[in-house]
Amino acid sequence: MSAEGADESSWELDPEDESGAVVAAVGRQLKMWREAAGFDRSTFAERMGYGADLTRKIESGIRIPRPEYLDKADAVLGAGGKIAAMKVDVEKARYPKKVRDLAKLESQAVELGAYGNHNLHGLLQTEEYARALYEIRRPAFSSDEVERHVSARMARQRMFDRRPAPALTFVLEQVILERRLGGQGVLRRQLEHLLDISSLRNVELQVMPTTCEDHAGMGGQIQVLKLMDGSTVGYVEAQLLSRLVTDPKEIQILELRYGIIRSQALSPRESRAFIEKVLGET
């Protein structure tokens, strides 16, 4: 495997990310295990099937090792599961900080309501739809950044596997269902995925038709989360900014708007029929 291809088994670390201390500690542990096993860097890299430069970067805390890299290192060094166990330590560090913060909120939510007006909510996206979304970003992401963001987005969808299941509601603009991000095939599979999700008992999907003349969502996307401790928070994004909303007065406004948006959108049953219609025409 080439040195370039070797980086497929790691992510680049943002120098300003506070999780860098964890990544550096994991790197030092890997180096200690390698040296204790009597391998120089080149020999270890050869046994691993990756470039020696990747080994250097991971041991130096420059890159974040992926789970499969740690599993293989555990086997090569005969660590008996001790290296593989470090996957828990790098689990959060592997994702961008903004995503970690949002995923933490979602993991604590018993209710989540979201209105989107330009693309599907991350919890609803297929992997190929998410990849298409990140690949069209401008300025362009590197391949490494695309894969890191896609991986993080897919990890957030563990929320659907939680028990007890949180109550999830989503309102989608009609145009989102018609915009062919990634091509017709990607959109078709995404629509099929939405139909699968809409069949879950704890999920309600609603479509806001373009013909709607009265619309409370002109201020942009809305996300409201009710947490296990009884508190409510909002999360808003716009271009280069994202913000956690905790002020009770602002929360009240977001909840009011979201409630009106839901009342203006098609019902869940009507929305499912609408998605099926769009799928048939795609």
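See the structure shown above.
Quick notes on the rules
Residues numbered from 1 in each chain as written. Predicted model: local features only at pLDDT ≥ 70, side-chain atom pairs only at ≥ 80, totals over all residues. Heavy atoms only, no water. Core = buried A, V, L, I, M, F, W, Y, C linked by side-chain atoms within 4.5 Å. Buried < 20%, exposed > 50% of the residue type's maximum accessible area, 1.4 Å probe, protein only. Helix = DSSP H or I, 4+ residues; strand = E, 2+ residues; numbered from the N terminus. Contact = heavy atoms within 4.5 Å. Axes fitted to C-alpha atoms, helices over the stretch in contact; angles between N-to-C directions. Parallel < 35°, antiparallel > 145°, perpendicular 65-115°, else oblique. Left-handed = near helix turned anticlockwise from the far one by under 90°. Nonpolar A, V, L, I, M, F, W, Y, C, P; charged D, E, K, R; others polar. Pairing = 2+ DSSP bridges.

A.B. asks: Break down the nonpolar core for me, with residues and values.
C.D. replies: Grouped burial of nonpolar side chains is what soluble globular proteins tend to show. Formed by 36 residues in total, the largest nonpolar core has its most connected members in Leu112, Leu124, Phe170, Leu177, Leu191, Leu194 and Leu225. Examining the composition of this core, we find that six residues originate from one element, helix H11 (residues 184-198), more than from any other. Not counting residues up to four positions away in its chain, the partners in contact with leucine 177 are Leu172, Leu187, Leu191, Leu194, Val207, Phe274, Ile275 and Val278. Judged by nonpolar contacts, the second largest core, of 18 residues, contains Leu54, Ile58, Tyr69 and Ile83.

A.B. asks: Pulling in residues and values, what's your account of the packing of helix H3 (residues 41-48) against helix H5 (residues 67-77)?
C.D. replies: Helix packing for two helices is described by the angle between their axes and how far apart those axes are. Running from N to C, H3 and H5 point in directions that differ by 115°, and their axes come no closer than 10 Å. Put simply, H3 runs roughly perpendicular to H5. Here H3 runs over H5; the crossing is right-handed. Side by side, H3 and H5 meet where Phe44, Arg47 and Met48 of the first sit next to Tyr69, Lys72, Ala73, Val76 and Leu77 of the second. The residue inventory of the contact of H3 with H5, partitioned by class, reads six nonpolar, no polar and two charged.

A.B. asks: Account for the sheet that holds strand E6 (residues 222-227), naming residues and giving values.
C.D. replies: Across the sheet, which stays open at both edges, the six strands sit in the order E5-E4-E3-E6-E7-E8 with mixed pairing between neighbours. Looking at which strands have only one partner, the edges of the open sheet turn out to be strand E5 (203-208) and strand E8 (241-245). Averaged over all neighbouring strand pairs, the angle between strand axes comes to 10°, with direction disregarded. Inspection of the sheet shows strand E3 (residues 109-116) paired to strand E4 (residues 167-173) by six bridges, in the parallel sense. Of the residues in E4, the one forming a bridge with alanine 114 is phenylalanine 170.

Distances and angles like these do not, on their own, reveal function.
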